[in-house]
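Coordinate analysis (summary)
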Amino acid sequence: MSVQGIIFIGLGILSIFLGVTGLSNKSRKGQRMVRLFGEAGTKIFYVVLGIILIVGAFFI
């Protein structure tokens, strides 16, 4: 696995963690996503993004 793949896996895990805990929704920039998708929608978006990043790491 390349360095890029490892970085993608790390970012995916971070994104899933932030989606599950909701920590990113409390920041000022995170509030934009909450206004667009709602609280639950934003969490789901971050988890799905994390999964896509992890799966994408294996195809790089």
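Residues numbered from 1 in each chain as written. Predicted model: local features only at pLDDT ≥ 70, side-chain atom pairs only at ≥ 80, totals over all residues. Heavy atoms only, no water.

1. Description of a positive patch on the surface
On the surface, a cluster of positive charge is contributed by Arg28, Lys29, Arg32 and Arg35. Of note, Arg35 is situated in helix 2 (residues 28-57). On the accessibility criterion, Arg35 (65% relative accessible area) is exposed. (Patch = residues over 30% accessible without salt bridge, like charges linked within 9 Å, V, L, I, M, F, W, Y side chains within 5 Å. Areas by Shrake-Rupley, 256 points an atom, 1.4 Å probe, with all protein chains shown as cover. Salt bridge = Lys/Arg side-chain N within 4 Å of Asp/Glu carboxyl O. Lys, Arg positive; Asp, Glu negative; His and termini not counted. Charge placed at Lys NZ, Arg CZ, Asp CG, Glu CD. Helix = DSSP H or I, 4+ residues; strand = E, 2+ residues; numbered from the N terminus. Buried < 20%, exposed > 50% of the residue type's maximum accessible area, 1.4 Å probe, protein only.)

2. What about helix 2?
The end-to-end C-alpha distance of helix 2, which contains 30 residues, comes to just 29 Å, noticeably less than the 44 Å that a straight helix rising 1.5 Å per residue would cover. Taken residue by residue, helix 2 has Gly30, Met33, Val34, Thr42, Tyr46, Gly50, Leu53 and Ala57 as its buried positions. Of the surrounding secondary structure, the elements contacted by the buried residues of helix 2 are helix 1 (3-21). (Expected span 1.5 Å × (residues − 1). Contact = heavy atoms within 4.5 Å.)

3. Quick word on the packing of aromatic side chains
A full pass over the atoms with the stated rule returns 2 aromatic pairs. Arranged with centres 5.8 Å apart and planes meeting at 25 degrees, the rings of Phe37 and Phe45 form a pair that is stacked. Phe37 sits in the partly exposed class, given a relative accessible area of 47%. Overall, the relative accessible area of 36% leaves Phe45 in the partly exposed class. Of the aromatic side chains, those joined through ring pairs into one cluster are Phe37, Phe45 and Tyr46. (Phe/Tyr/Trp six-rings, centres within 6.5 Å; stacked < 30°, edge-to-face > 60°.)

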